[in-house]
Amino acid sequence: MAEGRRRRRRSPKSAPLPKANGVAKQLLGHGLVDRIRLLIYPGVVGHGKPLFAPGGRVPLELISATPFSNGVVALEYATAKS
């Protein structure tokens, strides 16, 4: 995680992590995430890997919600700083 902190100080730009659930969980757990952007697709059922640990809480503040004509909703959250 020290390397993640160093990179964040050098380049505070957005760093998308598609399909990098394990990395995203680690970064969230160490307080290295400022924003979370999610795309919600209707009608997708099944199973997958949860982004947040079971029973864990990550305080989030909704920044924006953008619905699209195909039913997809783009959500952007800021992580709450303690």
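Further up the page is the structure itself.
What you see is a predicted model; the values in this text were computed from it and never measured. Note on numbering: residues in each chain are counted from 1, in written sequence order. Only residues with pLDDT of at least 70 are given local features in this predicted model, and only at 80 or more are side-chain atom pairs given and counted; all residues enter the totals for whole chains, interfaces and linings. Side-chain numbers here rest on the full set of heavy atoms in the structure, without hydrogens or water.

Topic: the pattern of salt bridges
Consideration 1: We count a salt bridge whenever a side-chain nitrogen from Lys or Arg sits within 4 Å of a carboxyl oxygen from Asp or Glu. Considering all chains together, one arrives at two salt bridges under this definition.
Consideration 2: A salt bridge links Arg35 to Glu76; its shortest N-O distance comes to 2.9 Å. One end of the pair, Arg35, is in strand S1 (residues 35-40); the other, Glu76, is in strand S3 (residues 73-79), and 41 residues separate them in sequence.
Consideration 3: Only protein chains enter the accessibility calculation, which uses a 1.4 Å probe. A residue is then buried if its area is under 20% of the maximum for its type, exposed if over 50%, and partly exposed in between. On the basis of relative accessible area, Glu76 is assigned to the buried category, the value being 13%.
Consideration 4: We note a salt bridge from Arg37 to Glu76, for which the minimum N-O separation is 3.3 Å. Residue Arg37 is found in strand S1, and its partner Glu76 is found in strand S3; the two are separated by 39 residues along the sequence.
Consideration 5: Overall, Arg37 belongs to the exposed group, its relative accessible area being 56%. The helix and strand labels rest on DSSP assignments: H or I over at least four residues marks a helix, E over at least two residues marks a strand, and numbering proceeds from the N terminus.

A look at the sheet that holds S1
Consideration 1: Pairing is antiparallel in the open sheet, where three strands are placed in the order S1-S3-S2. At either margin of the open sheet sits one strand with a lone partner, and together these are S1 and strand S2 (60-67). Averaged over all adjacent pairs, the angle separating strand axes in this sheet is 20 degrees, with direction ignored.
Consideration 2: Taken together, the seven bridges between S2 and S3 define a ladder with antiparallel strand orientation. Across the sheet, the residue bridging to Glu61 is Ala78, located in S3. Strand pairing requires that DSSP identify at least two bridges connecting the strands. In this description, a line fitted to the C-alpha atoms serves as the axis of each element, helices being fitted only across the stretch in contact, and the angle between N-to-C directions of two axes falls anywhere from 0 to 180 degrees.

Regarding a nonpolar patch on the surface
Consideration 1: Exposure above 30% relative accessible area and no salt bridge define the residues that can form patches, which grow by joining like charges within 9 Å and nonpolar side chains of Val, Leu, Ile, Met, Phe, Trp and Tyr within 5 Å. All accessible areas in this document rest on Shrake-Rupley with a 1.4 Å probe, and a residue is counted as covered only by the protein chains that are shown. Taken together, the side chains of Leu39, Tyr41 and Phe68 define a hydrophobic patch exposed on the protein surface, amounting to about 340 Å² of accessible area.
Consideration 2: Summarising the element assignment, Leu39 is placed in strand S1.

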